[in-house]
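Architecture and fold: a report
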Amino acid sequence: MSIVDNLQRVRETLREATLAAGRPLGSVRLVAVSKFQPVAAIVEAAAAGQVDFGENYAQELRDKAELVATPIRWHFIGALQRNKVKYLVGRAWLVHDVDNLALAEEIGKRSGGSPTGILLGVNIGEEPQKSGVLPANALDLAEAMTRIPGVELRGLMCIPPAVDTPEAAAPYFDALADLAERGRASGLPLHELSMGMSHDYGVAIRHGATLVRVGTAIFGARPPRTAP
Ligand SMILES: *Cc1c(COP(=O)(O)O)cnc(C)c1O
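Here's a quick rundown of the structure.

Rules used in this analysis
- Along each chain, residues carry numbers from 1 onward, in the same order as the chain's sequence is written.
- pLDDT decides what is reported in this predicted model: residues at 70 or higher carry local features, side-chain atom pairs at 80 or more are listed and counted, and totals for whole chains, interfaces and linings draw on all residues regardless.
- With hydrogens and water excluded, all non-hydrogen atoms of the structure serve as input to the side-chain values.
- The axes used here are C-alpha line fits, helices contributing only the stretch in contact, and every angle between their N-to-C directions lies in the interval 0 to 180 degrees.
- Helix and strand definitions here come from DSSP, where helices need a minimum of 4 consecutive H or I residues and strands a minimum of 2 consecutive E residues; each element is numbered from the N-terminal end.
- Helix crossings fall into two classes, left-handed where the near helix is turned counterclockwise from the far one by less than a right angle and right-handed where it is turned clockwise.
- Throughout, a residue-residue contact means that at least one pair of heavy atoms, one from each residue, lies within 4.5 Å.
- If even one non-hydrogen atom of a residue comes within 4 Å of a molecule or strand, that residue is called near it.
- Whenever two N or O atoms come within 3.5 Å, that pair is a polar contact, provided that in protein one can donate a hydrogen and the other can accept it, and provided that, for residues adjacent in sequence, both atoms are side-chain atoms.
- Surface exposure here means Shrake-Rupley accessible area, sampled with a 1.4 Å probe, where a residue is shielded only by the protein chains that are shown.
- Note on exposure labels: buried denotes an accessible area under 20% of the residue type's maximum, exposed denotes more than 50%, and partly exposed covers the range between, all computed with a 1.4 Å probe on protein chains only.
- Strands are labelled as partners when DSSP assigns at least two bridges between them.
- Crossover handedness is defined here as right-handed if the route from the first strand over the helix to the second strand goes clockwise, with the strands pointing away from the viewer.
- Two aromatic rings, drawn from Phe, Tyr or Trp (for Trp, its six-membered ring), form a pair once their centres lie within 6.5 Å of each other, and the interplanar angle then sorts them: stacked below 30 degrees, edge-to-face above 60, tilted otherwise.

**Some words on the packing of helix H6 (residues 135-145) against helix H7 (residues 170-185)**
At a closest axis distance of 10 Å, the pairing of H6 and H7 adopts a crossing angle of 35°. With respect to the hand of their crossing, H6 and H7 are arranged in right-handed fashion. Each of Pro135, Ala138 and Leu139 in H6 lies in contact with H7, whose residues at this interface are Leu179, Arg182 and Gly183.

Here it is in structure tokens:
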């Protein structure tokens, strides 16, 4: 299957899930996760109309952004270290997995005049080995993030625990959606929900995702990490 065929299929699944959820078409944005994929694959997807691309490594995003001429909206979806923020600011349209104030402050400090969009990463399954703020502390942290100059908090992000079937992740997607709803009820700008990957984005959409991060279903298996 070619990237163009894969994209077509993913868009169709996205559309069906959006309609099945009774949500308006266009309320879910597809982020094509291009980590480790060559620039040629990005160019091919962009030529087929794909706009949003996600990367996990800051230097890789920077390098690819230099090489791709097509206008692309870059998303940074990986774990971010403070000393790598400089590679992203001015390039990433949204940084998905910000889970502490120091990181948000660093992004804000480097953003200069135009604020960088961020999402708060939540450890929704409360897994000890995972990053992300615990759900019980998420809204306080979100509130603090709204007061940091240079960043614009737009929502929440999660990677649910590994489960046997896509449907089994639904309670975690619901939990993130509930958290965002409670935040909005107290005035927090938690409009975006970044959740769902190749194996479960249909379920995530039915449970409220506004951003799905889909890699292998579009690009096929990831090659080993190399320079772009
Ligand atoms: C790699 C990655 C994805 C994409 O995963 P696929 O299973 O290839 O769709 C999505 N989100 C995050 C945070 C990732 O690291």
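**Digging into the site of the ligand**
Val33, Lys35, Asn56, Ile77, Ile159, Met197, Ser198, Arg213, Val214, Gly215, Thr216 and Arg222 make up every residue found near the ligand. Within the side chain of Ser198, an N or O atom sits 2.5 Å from an oxygen atom of the ligand. With respect to the ligand, the side chain of Arg222 contributes an N or O atom lying 2.8 Å from an oxygen atom. For the ligand, the protein covers 89% of the area, taking 390 Å² as the surface of the free molecule.

**Some thoughts on the pairing of strand E5 (residues 116-121)**
Of all six residues that make up E5, six are buried, and the element is covered over most of its length. Of the two faces of E5, the one carrying Thr116, Ile118 and Leu120 and the one carrying Gly117, Leu119 and Gly121 are both buried. With three bridges joining them, strand E4 (residues 92-98) and E5 adopt parallel strand pairing. Each bridged residue has a counterpart across the sheet, and for Leu94 the counterpart in E5 is Gly117. Note on the crossover from E5 through H6 to strand E6 (residues 151-157): the handedness is right-handed.

**Some remarks on the environment of Arg222**
For Arg222, the position within the fold is in the segment after helix H9 (216-219). By relative accessible area, Arg222 is classed as partly exposed at 36%.

**Things to note about H6**
The set of residues buried in H6 consists of Pro135, Ala138, Leu139, Leu141, Ala142, Ala144 and Met145. Each element contacted by the buried residues of H6 is listed here: E4, helix H5 (101-110), E5, E6 and H7.

**What to know about the side chain of Glu106**
Topologically, Glu106 is positioned in helix H5. On the accessibility criterion, Glu106 (13% relative accessible area) is buried. Discounting residues that sit within four places of it in the chain, Glu106 has contacts with Arg82 and Val85.

**Quick word on unusual backbone geometry**
Phi is positive for Phe36, which is not a glycine, with a value near 70°. Judged by relative accessible area, Phe36 falls into the buried class, the value being 18%. Notably, Glu126 is not glycine yet its phi reads approximately 50°, a positive angle.

**Section: the packing of aromatic side chains**
Inspection of every chain in the model, using the stated rule, returns two aromatic pairs. Judged by centre distance (6.2 Å) and plane angle (50°), the rings of Phe53 and Trp74 are tilted. Placement of Phe53 in strand E2 (residues 52-55) and of Trp74 in strand E3 (residues 73-76) is noted, with a sequence separation of 21 residues between them. You can call Phe53 buried: its relative accessible area is 0%.

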